[in-house]
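Per-entry structural report
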Amino acid sequence: MRTDSNEYIWLQITSGRGPAECQIAVARLAELLEKEARKQGLACVLLDAVVGDGRGTALSALLSLEGEGARAFAHRSRGSVLWICPSPVRPGHKRKNWFVGVELLAPPDAGATALRPADVVFEAMRASGPGGQHVNKTESAVRATHRPTGLVATAREERSQAMNKKLALARLAGLLAEGANAAKADAERDRWAQHDALERGRPVRTFEGPSFKERK
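Quick look at the structure, then.

Rules of the game
Residue numbers restart at each chain and count upward from 1, following the sequence in its written direction. The predicted origin of the model limits local features to residues at a pLDDT of at least 70 and limits the giving and counting of side-chain atom pairs to 80 or more, whereas totals for whole chains, interfaces and linings rest on all residues. Hydrogens and water are ignored here; the side-chain numbers use all heavy atoms of the structure. Secondary structure elements are defined from DSSP: runs of H or I of at least 4 residues count as helices, runs of E of at least 2 residues count as strands, and each element is numbered from the N terminus. Residue exposure (1.4 Å probe, protein chains only): buried if accessible area is under 20% of the type maximum, exposed if over 50%, otherwise partly exposed. Note on definitions: a residue-residue contact is assigned when non-hydrogen atoms from the two residues lie within 4.5 Å. With residues, only the protein chains shown are counted as cover, and all accessible areas are computed by Shrake-Rupley using a 1.4 Å probe. Put simply, two rings from Phe, Tyr or Trp (the six-membered ring, in Trp's case) pair if the centres are within 6.5 Å, and we call them stacked under 30 degrees between planes, edge-to-face over 60, tilted for the rest. Nine residue types can take part in a nonpolar core, namely buried Ala, Val, Leu, Ile, Met, Phe, Trp, Tyr and Cys, and a core is a set of them joined through side-chain atoms within 4.5 Å. Salt bridge, as applied in this entry: a Lys or Arg side-chain nitrogen positioned within 4 Å of an Asp or Glu carboxyl oxygen. For the purposes of these results, a polar contact is taken to be a pair of N or O atoms within 3.5 Å, where, inside protein, one atom must be able to donate a hydrogen and its partner to accept one; residues adjacent in sequence count only when each atom of the pair is a side-chain atom. Here a helix's expected span is defined as the number of its residues, less one, multiplied by 1.5 Å. Whether two strands pair comes down to DSSP finding at least two bridges between them.

Let us look at the overall build of the protein chain. Summing up its helical and strand segments, the protein chain has 4 helices and 10 strands in all. Listing every helix and strand of the protein chain by position from the N terminus yields β-α-β-β-α-β-β-β-β-β-α-α-β-β. Counting the 216 residues in the protein chain, one finds 47% classified as buried. Pairs at least 24 residues apart make up 65% of the contacts formed inside the protein chain by residues separated by at least 6 positions. On the protein chain, roughly 10,900 Å² of surface is accessible, and the fraction owed to carbon and sulfur atoms is 51%.

Given below as structure tokens:
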């Protein structure tokens, strides 16, 4: 059993519904966080990544962090991360600010309350999109229900149903570990229903240029 001094958490990096530039930022940030974590003495593993629209891109990445100080390390990047750079795939494009989201999650096996796969029911849902060519017309969103407690967690921000399933399960484990009630589960579900829109304007970290150098 893991203790507080040997923390084990997941870190999700997502481009949301962002374009190829955001997907590049996801891949670059995942690589950077892996290096930073190992320098800090943490065990860092890329658990999963959803390949983006081009080479060297990722729609999302899921990292595991283990070791003393893992949670504090993750909190430094949690939130909205900004990459300021002229588009490397659309020369002449006016936009230079690209945002990605970083979220800290409790792994399904990290909660004090045991989460048995047999107790969880998964349902596929139609994920909403911003419209036009980017609308998600497939049932990639996932709702996870814990039958013994009635707690519900959803994930809809990823285009991959497999990734959304992992995220929903992780969130459900977090709710159980916190001893959350059904009302809190509803609030959590509503919160993630709005996750398509990354928070812009208040980045926790900012990187610049093709070298992805952090602004101090």
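What follows concerns the packing of aromatic side chains. Evaluation of the coordinates by the stated rule reveals 2 aromatic pairs. Centre to centre, the rings of Trp 83 and Phe 212 are 5.9 Å apart; their planes meet at 55°, and the pair counts as tilted. One end of the pair, Trp 83, is in strand β4 (residues 79-84); the other, Phe 212, is in the loop between β9 (205-208) and β10 (213-214), with 129 residues separating them in the sequence. According to the relative accessible area criterion, Trp 83 is buried, its value standing at 2%. Residue classification places Phe 212 among the buried residues on the basis of a relative accessible area of 8%. Look at Phe 207 and Phe 212: their rings are 4.5 Å apart centre to centre, the planes differ by 5°, and that puts the pair in the stacked class.

Core analysis: the biggest nonpolar cluster contains 29 residues, and Leu 11, Ile 13, Leu 29, Leu 33, Leu 65, Trp 83 and Val 100 have the highest contact counts within it. Listing elements by their share of this core, those giving two or more residues are β1 (7-14), α1 (20-39), β3 (58-67), α2 (70-75), β4 and β5 (97-105). At 8 residues, α1 tops the list of elements feeding residues into this core. Core analysis: the next-biggest nonpolar cluster, separate from the first, contains 21 residues, Val 120, Val 142, Ala 144 and Leu 176 among them.

According to the stated counting rule, one finds 13 salt bridges in the structure shown. Put simply, Glu 214 and Arg 205 hold a salt bridge, and the shortest N to O gap is 2.7 Å. As far as burial versus exposure is concerned, Glu 214 and Arg 205 are alike and both buried. One salt bridge in this structure joins Lys 216 and Glu 214, with 3.7 Å as the shortest N-O distance. A single salt-bridge network, built from bridges that share partners, covers Glu 36, Arg 76, Arg 205, Glu 214 and Lys 216.

Moving on to the side chain of Ser 15. The residue Ser 15 is located in the loop between β1 and α1 in this model. Overall, Ser 15 belongs to the buried group, its relative accessible area being 2%. Side-chain polar atoms of Ser 15 contact the backbone oxygen of Leu 59, separated by 2.9 Å.

Three or four residues apart is the spacing at which side chains of an α-helix point the same way, because the helix has 3.6 residues per turn. For α1, built from 20 residues, the straight-helix expectation of 28 Å at 1.5 Å per residue is met to within 8% by its first-to-last C-alpha distance of 29 Å. Backbone geometry just downstream of α1 places Gly 41 in the positive-phi region, at approximately 85°.

Here we come to the pairing of strand β8 (residues 151-155). The buried fraction of β8 is high, at 5 of 5 residues. Burial along β8 is two-sided: Leu 151, Ala 153 and Ala 155 and Val 152 and Thr 154, pointing in opposite directions, are all buried. Relative to β8, strand β7 (residues 141-146) is paired through 5 bridges, and the arrangement is antiparallel. When the bridges of β8 are listed, Ala 144 appears paired with Ala 153. What sits between β7 and β8 in their antiparallel hairpin is a turn of 4 residues, with Gly 150 showing a positive phi close to 80°.

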